[in-house]
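# Structure assessment
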2 protein chains.
Amino acid sequence: MAAARPAKFTVVGAGLGGALMAIYLGRAGYEVEVHERRADPRVSQQDGGRSINLAISTRGIESLAAVGLADEILRMAIPMRGRMMHSLHGELAFQPYGTEAAHVINSVSRADLNIALLNAAEKTGNVRLVFGKRCAGVDLDTATVSVTDVDTGKKSTVRADAVVGADGAFSVVRQQMQRLDRFDYEQAYLEHGYKELTIPAGPDGRFLLERHALHIWPRGGFMLIALPNRDGSFTATLFWPLEGEDSAASLRTEADVRRYFAEMFPDAVPLMPALIEDWFRNPAGTLVTIRCRPWHYRDKVVLLGDAGHAVLPFYGQGANAAFEDCLVLSECLAAHAPDREQAFARFQALRKRNTDALADLSLANFVEMRDHTASRTFLLARRLEKGLHRLFPARFVPLYTMVTFSRTPYAEAVERARRQWRIVKLAAAAPVAAGLSLLLWRRSRR
Amino acid sequence: MAAARPAKFTVVGAGLGGALMAIYLGRAGYEVEVHERRADPRVSQQDGGRSINLAISTRGIESLAAVGLADEILRMAIPMRGRMMHSLHGELAFQPYGTEAAHVINSVSRADLNIALLNAAEKTGNVRLVFGKRCAGVDLDTATVSVTDVDTGKKSTVRADAVVGADGAFSVVRQQMQRLDRFDYEQAYLEHGYKELTIPAGPDGRFLLERHALHIWPRGGFMLIALPNRDGSFTATLFWPLEGEDSAASLRTEADVRRYFAEMFPDAVPLMPALIEDWFRNPAGTLVTIRCRPWHYRDKVVLLGDAGHAVLPFYGQGANAAFEDCLVLSECLAAHAPDREQAFARFQALRKRNTDALADLSLANFVEMRDHTASRTFLLARRLEKGLHRLFPARFVPLYTMVTFSRTPYAEAVERARRQWRIVKLAAAAPVAAGLSLLLWRRSRR
């Protein structure tokens, strides 16, 4: 009896999600061809100024671990144990992220991570990577991708049994599906944009800010953040309104920019010698949330990562969610093999409501980071959360901990957090609970 | 001194919104060219089975009156004074729509209405209508529309000072704007579809159901409705789930359809001799809500009607809102002339939140019509509303009345209705109010 030919997948996009999915598919014995618009990042440098740093946490790590890559990736990362808040007057306040020492998020360079994944994909022996080919369209019924060579303009077609659309927020694969009747779709831009800036390393590659922290300068309607890089530098990102007062549009001259930074981020200015150069060279990026449904077309096409559910970067979960997509999709493919349509449908059923919840969380965390991280009520609530978790470790788990340091599905985490707080509020209403809270409050100050 | 050349507008789409806007623009002295994909409806019959009947009410009437067309249109219409509910057992119950005798909505044929508007547009002397030209794209910066002749395939371009995108829910003009950065967009399909059916006139053009009513067969998850036509017939529309049990997909054979109708709409079956023919000939339509922002590009392009804000048909406000758009846009153009960019921006500022509110209302009314119109709580609440309005005519106005029989902006109507109910609930909480309610309840039963 001849063995059945393994199914062939075309993966559109060799970014983080596409590369990891190729690894999963290649290891499962599928024949995989990945087509990517950009040049091979292992050969040519990518443009700077457009990549918000990544923080890999539990979902990402477990999805990498399932294909044996977690250790290698974590060796490239800098653990961040919490948020370091910078006040207007330069005072620092540190807020740990988790409830245990192991609760760190890992700052990693998108480029380095991508390269590691591409190397691992090739190592499976079943993955062929093709760079410099822009996806121009997809024939959904035949799983045929049309690609255009970005240098020569030459067109060709790539036929497979199925297509994975891992081509990001502006996915061409999804645009093809959008033409189907009854395709729900939403793109919502944040009124804030972002601009990347650099805090270079000090002498001998010294970190000029605490390295094991994500730095935040929360300023109400806007904020500056900074994540550490392995070379001692930090990548800083300003998030601020694109229009109106103190907006992108209002900072026109060098003097405008200098005055704004001196007033808003006085302790950061001395750390950014190339501020003006960065400012006028790096484009102002926009930020979009994308939701759609369905994520698949029969057994032919499936979307993952930003192509299916782009979220704002403020919960540090975009890449983690894309990695978790790869893990869940490969589990669904294995469980339903060889029925890909069932697998794709199950994947959507398992993930869609969770990535919807993540989209909401990511927006809410922006408001929290820019407005509340410095407020006393916020700090008190976070302290109360941790105190409750110490008292009832299995019963009360802070939302941030569930989202970042567990694989509890996002929607379930949100639901559970709501239930927990409802119980706390009920308890707090009883006089006996008042004493308990006081006790907790005292304990947590020790 | 030479008079300034009047600005030239290209209107894309000669449907209801496009035709009325052309009238407004033509009467204001602008030079207008309207390009429409379909053939001239005055020359060739349109396809049947895809046009949900229209009910014109106050917003539409006032927008027609402003250009002297209200009387002509109302003469073509059949006033509907309320809903006639048909129970499973064929019992009838009539619910008046309004609080006054003048509160009627007007059933009118979309085709007849469109023809009347096209004739009026030509009569302005400034409007040129071009049929059979499909909009293929728009150069936003130069207000240049590319059109393709649907018969010959010949392409040409139409240049103007500004473009009005009145080309419906699947607007090509809007699709062009969607490519701009920071364009917010959402399309959401209802899980229900629709199919048009016919209740023909009786002998001598007699109406076989009460003519001055909108008939509803509410059945929980789905419903049948029927609106009167001038020739004695009714156009019936079934709204029902596209998937699952009792869905479009589950009714495959003639016997399936007959059994379903006999069980669900027994009193309607004898009125629909062509049921089976209609069923298998008329396509199942889908229903979509569309929201987007911005509605304009500089002073070059503006969207109106379904192109900017397609809503579900369940509040009977889609065409009324499109007509009101025309009135408001022409007021903005007059107020800010010759600054079109300001006029377009003001139009969006005045309308966007209101059409967003209408989108929500239209979905909520679907749930109300199919699930609640037959329930006792619903009937009691409606009766209470009317009782409160009789007692406090200026203070308490039912939401339906504000939406349908006033030009109170939609969002304001929703907000006011919320406030009114809050006050009623507060009052009802006081014991004295209990007596009042009882009194009202008694009175309303008389």
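Structure first, text after, so check above.
Quick summary incoming for the structure in this document. No experiment lies behind these values; they were computed from the predicted model shown. (Residues numbered from 1 in each chain as written. Chains lettered and ligands numbered in written order. Predicted model: local features only at pLDDT ≥ 70, side-chain atom pairs only at ≥ 80, totals over all residues. Heavy atoms only, no water.)

### Remarks on the sheet that holds strand β10 (residues 144–149) of chain B
Residue and element names in this part refer to chain B.
- Spatially, three strands are ordered β9-β10-β11 in an open sheet, and the strand pairing comes out antiparallel. Two strands close off the open sheet at either side, each with one partner strand: β9 (133–139) and β11 (155–159). The average angle at which neighbouring strand axes cross in this sheet is 30°, direction not considered.
- Across six bridges, β9 lies against β10 in antiparallel orientation. Looking at β10, one finds that C135 is bridged to V147. (Pairing = 2+ DSSP bridges. Helix = DSSP H or I, 4+ residues; strand = E, 2+ residues; numbered from the N terminus. Axes fitted to C-alpha atoms, helices over the stretch in contact; angles between N-to-C directions.)

### Considering the packing of helix α2 (residues 58–65) of chain A against helix α9 (residues 318–336) of chain A
Residues and elements named next belong to chain A.
- Two numbers describe how α2 lies on α9: the axes approach to 8 Å, and their chain directions differ by 35°. Of the two possible hands of crossing, α2 and α9 adopt the one that is left-handed. Mapping the contact onto sequence places R59, G60, S63 and L64 in α2 and N320, F323, E324 and L327 in α9. (Left-handed = near helix turned anticlockwise from the far one by under 90°. Contact = heavy atoms within 4.5 Å.)

### Here we look at the relation of the copies chain B and chain A
- Superposing chain B onto chain A takes a rotation of 180° combined with a translation of 0.1 Å along the rotation axis, leaving an RMSD of 0.0 Å. Such values leave the two copies arranged in the relation of a two-fold axis. Minimal C-alpha distance to the rotation axis in chain B is attained by E186 of chain B, lying at 2.0 Å. (Least-squares fit on C-alpha atoms with pLDDT ≥ 70 in both.)

### Description of the sheet that holds strand β19 (residues 301–303) of chain A
Residues and elements named next belong to chain A.
- The six strands are arranged β8-β2-β1-β12-β19-β18 in an open sheet whose pairing can be described as mixed. What marks the edges here is a single partner per strand, and that holds for β8 (127–131) and β18 (296–297).
- Note: strand β1 (residues 8–12) against strand β12 (residues 162–165), four bridges, orientation parallel. Paired with F9 across the two strands is A162, which belongs to β12.
- Strands β1, β2 (31–36), β8 and β12 of the sheet are contacted by helix α1 (residues 16–27), whose axis makes an angle of about 170° with β2.

### A closer look at the pairing of strand β6 (residues 92–96) of chain A
All names here are of chain A.
- Pairing of strand β5 (residues 82–86) with β6 involves five bridges; the strand directions are antiparallel. Residue pairing in the sheet places H86 in a bridge with L92 of β6.
- In sequence, β5 turns back onto β6 through a hairpin of five residues, with G90 there showing a positive phi of about 85°.

### A word on the pattern of salt bridges
- According to the stated counting rule, one finds 56 salt bridges over all chains in the structure shown.
- Here E277 of chain B and R281 of chain B are joined by a salt bridge, their closest N and O atoms 3.7 Å apart. Taken together, the residues E277 of chain B and R281 of chain B, both in helix α7 (residues 275–281) and four residues apart, mark about one turn of the helix.
- What makes R281 of chain B exposed here is its relative accessible area of 52%.
- Between R382 of chain B and E385 of chain B there is a salt bridge, with the nearest N and O atoms lying 2.9 Å from each other. Taken together, the positions of R382 of chain B and E385 of chain B, both in helix α11 (residues 376–391) and three residues apart, correspond to about one turn of that helix.
- In this structure R382 of chain B comes out as partly exposed when scored by relative accessible area, which is 26%.
- The class for E385 of chain B is buried, based on a relative accessible area of 6%.
- Among the charged side chains, a salt-bridge network with shared partners connects R59, E324, D325, R351 and R407 of chain A. (Salt bridge = Lys/Arg side-chain N within 4 Å of Asp/Glu carboxyl O. Buried < 20%, exposed > 50% of the residue type's maximum accessible area, 1.4 Å probe, protein only.)

### With respect to helix α4 (residues 110–123) of chain B
Residue and element names in this part refer to chain B.
- A rise of 1.5 Å per residue sets the reference length of α4, with its 14 residues, at 20 Å; its end C-alpha atoms lie 20 Å apart and thus fit the reference within 8%.
- Those residues of α4 that sit buried are L113, N114, A116, L117, L118, A120 and A121.
- Measuring from the backbone nitrogen of A111 back to the side-chain oxygen at the start of α4 gives 3.3 Å, which picks out S109 as the cap.
- In the stretch just after α4, G125 is the one whose phi turns positive, near 85°. (Expected span 1.5 Å × (residues − 1). Polar contact = N/O pair within 3.5 Å; in protein donor to acceptor, adjacent residues only side chain to side chain.)

### A look at the packing of aromatic side chains
- What the rule picks out here adds up to 35 aromatic pairs over all chains.
- When the centroid spacing of 6.2 Å and the interplanar angle of 80° are considered together, the rings of Y260 of chain A and F265 of chain A count as edge-to-face.
- Note on Y260 of chain A: relative accessible area 3%, which makes it buried.
- In this structure an aromatic cluster arises from ring pairing among F222, W240, Y260, F261, F265 and W279 of chain A.
- When the ring centre of Y410 of chain A is taken as reference, the NZ or CZ atom of R59 of chain A above it lies at 4.0 Å.
- Against the face of W279 of chain B rests K195 of chain B, its NZ or CZ located 4.9 Å from the ring centre. (Phe/Tyr/Trp six-rings, centres within 6.5 Å; stacked < 30°, edge-to-face > 60°. Lys NZ or Arg CZ within 6 Å of the ring centre and 35° of its normal.)

### So, the interface of chain B and chain A
- Each side of the interface is counted separately: chain B has 15 residues, and chain A has 15 residues.
- Taking both partners together, chain B and chain A bury about 1300 Å²; carbon and sulfur atoms supply 37% of that area.
- Looking at the side of chain B facing chain A, the largest losses of area belong to R182, Q187 and Y189 of chain B, adding up to 45% of the total buried there.
- On the surface where chain B and chain A come into contact, there are two salt bridges.
- In this assembly, chain B and chain A are joined by ten residue pairs in polar contact (both at pLDDT 80 or more).
- For the side of chain B that touches chain A, the leading source of residues is strand β13 (residues 184–199) of chain B, giving eight residues.
- For the side of chain B that touches chain A, the class distribution of residues is six nonpolar, three polar and six charged.
- Pairing of strand β13 (residues 184–199) of chain A with β13 of chain B involves three bridges; the strand directions are antiparallel. When the bridges of β13 of chain B are listed, E186 of chain A appears paired with E186 of chain B. (Buried area = accessible area lost by both parts, 1.4 Å probe. Nonpolar A, V, L, I, M, F, W, Y, C, P; charged D, E, K, R; others polar.)

### A few points about the environment of S330 of chain B
Residue and element names in this part refer to chain B.
- Checked against the element boundaries, S330 lands in helix α9 (residues 318–336).
- With relative accessibility at 16%, the residue S330 sits in the buried group.
- For the pair S330 and L361, spaced 31 residues apart in sequence, the C-alpha to C-alpha distance is 25 Å.
- Sequence-distant contacts of S330, defined by excluding residues within four places in its chain, comprise M21 and Y24.

### A look at the nonpolar core
- Core analysis: the largest hydrophobic core is formed by 148 residues, its most contacted members being L117 of chain A together with L117 of chain B.
- Those residues within four positions of L117 of chain A in sequence are excluded, and the remaining contacts are L16, A19, L20, I23, L64, L69 and F323 of chain A. (Core = buried A, V, L, I, M, F, W, Y, C linked by side-chain atoms within 4.5 Å.)

### Observations concerning the pairing of strand β7 (residues 105–108) of chain A
Residue and element names in this part refer to chain A.
- Taking every second residue as pointing to the same face, both faces of β7 are buried, with I105 and S107 on one and N106 and V108 on the other.
- Note: strand β3 (residues 54–56) against β7, three bridges, orientation antiparallel. In the sheet register, I56 faces β7, and the bridge partner there is N106.
- As defined by bridge partners, strand β4 (residues 78–80) adjoins β7 across three bridges and the pair is classed as antiparallel. Bridging from a neighbouring strand, I78 pairs with S107 of β7.

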